[in-house]
Amino acid sequence: MIPCAAAAAEDTPAVGEGRAQRLVARQLTCVVARLTVVRARDVNRRIERLGGVPVRQKGSHRRYRVTSNGITAFTTVAQHPGDMPIGTLAQIERDLAPVLGEKWLTP
């Protein structure tokens, strides 16, 4: 994966590409570099180590509750085989950010 600083250094404008498009492409590269592709069991393990409690499971989806300093957050982790999509990882990170802080999912 390309780190965010390296992605900014490698940013070469294409013909007809505007500044806004380059900025969006750089931000997307940073998100991809920060949230690597992992499996559901890795996300489960990380949440449980940080104090998350599995509340229930329905089919292939496990629901977690994380509480800290009187703040409670919930998220759902799909237990599908294979790699978890980056958008799903980003949503799980946003769901638990009020309790665990920003970028808690990054290694």
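Let me begin by describing the structure that accompanies this report. Each chain has its residues counted from 1, running along the sequence as written. The predicted origin of the model limits local features to residues at a pLDDT of at least 70 and limits the giving and counting of side-chain atom pairs to 80 or more, whereas totals for whole chains, interfaces and linings rest on all residues. Only hydrogens and water are set aside when side-chain values are computed; all heavy atoms of the structure are taken into account.

### Section: the sheet that holds strand S2 (residues 61–68)
Strand pairing in a sheet is mediated by backbone hydrogen bonds. Such pairs are either parallel or antiparallel. Pairing between strands is defined by DSSP: at least two bridges between the two strands are required. Each helix corresponds to a stretch of at least 4 residues labelled H or I by DSSP, and each strand to a stretch of at least 2 residues labelled E; elements are numbered beginning at the N terminus. Reading across the sheet, the 3 strands line up as S1-S2-S3 and stay open at both edges, with antiparallel pairing between neighbours. Every other strand in the sheet has two partners, leaving strand S1 (53–58) and strand S3 (71–78) as the edge strands with one partner each. On average, each strand axis in the sheet is inclined to that of its neighbour by 20°, with strand direction left out of account. Pairing geometry for S2 and S3, over 8 bridges, is antiparallel. Convention adopted: a line fitted to C-alpha atoms gives each axis, helices being fitted over their contacting stretch, and angles between N-to-C directions are expressed from 0 to 180 degrees.

### Comments concerning the nonpolar core
We call a set of buried Ala, Val, Leu, Ile, Met, Phe, Trp, Tyr and Cys residues a nonpolar core when their side-chain atoms join them within 4.5 Å. We call a residue buried when its accessible area falls under 20% of the maximum for its residue type, exposed when it is over 50%, and partly exposed in between, using a 1.4 Å probe and counting protein chains only. In this structure, Val43, Ile47, Val77, Met84, Ile92, Leu96 and Trp104 are the most contacted members of the largest nonpolar core, which totals 14 residues. Of all elements in the fold, only helix H3 (40–49), S2, S3 and helix H4 (86–100) reach the threshold of two or more residues within this core. Looking at this core element by element, the count peaks at 4 residues for H4. Whether two residues are in contact is decided by their heavy atoms, any of which lying within 4.5 Å being enough. If sequence neighbours within four positions are ignored, Trp104 has contacts with Arg46, Ile47, Leu50, Ile92, Glu93, Leu96 and Ala97.

Fair warning: the whole summary comes from geometry, so function is off the table for now.
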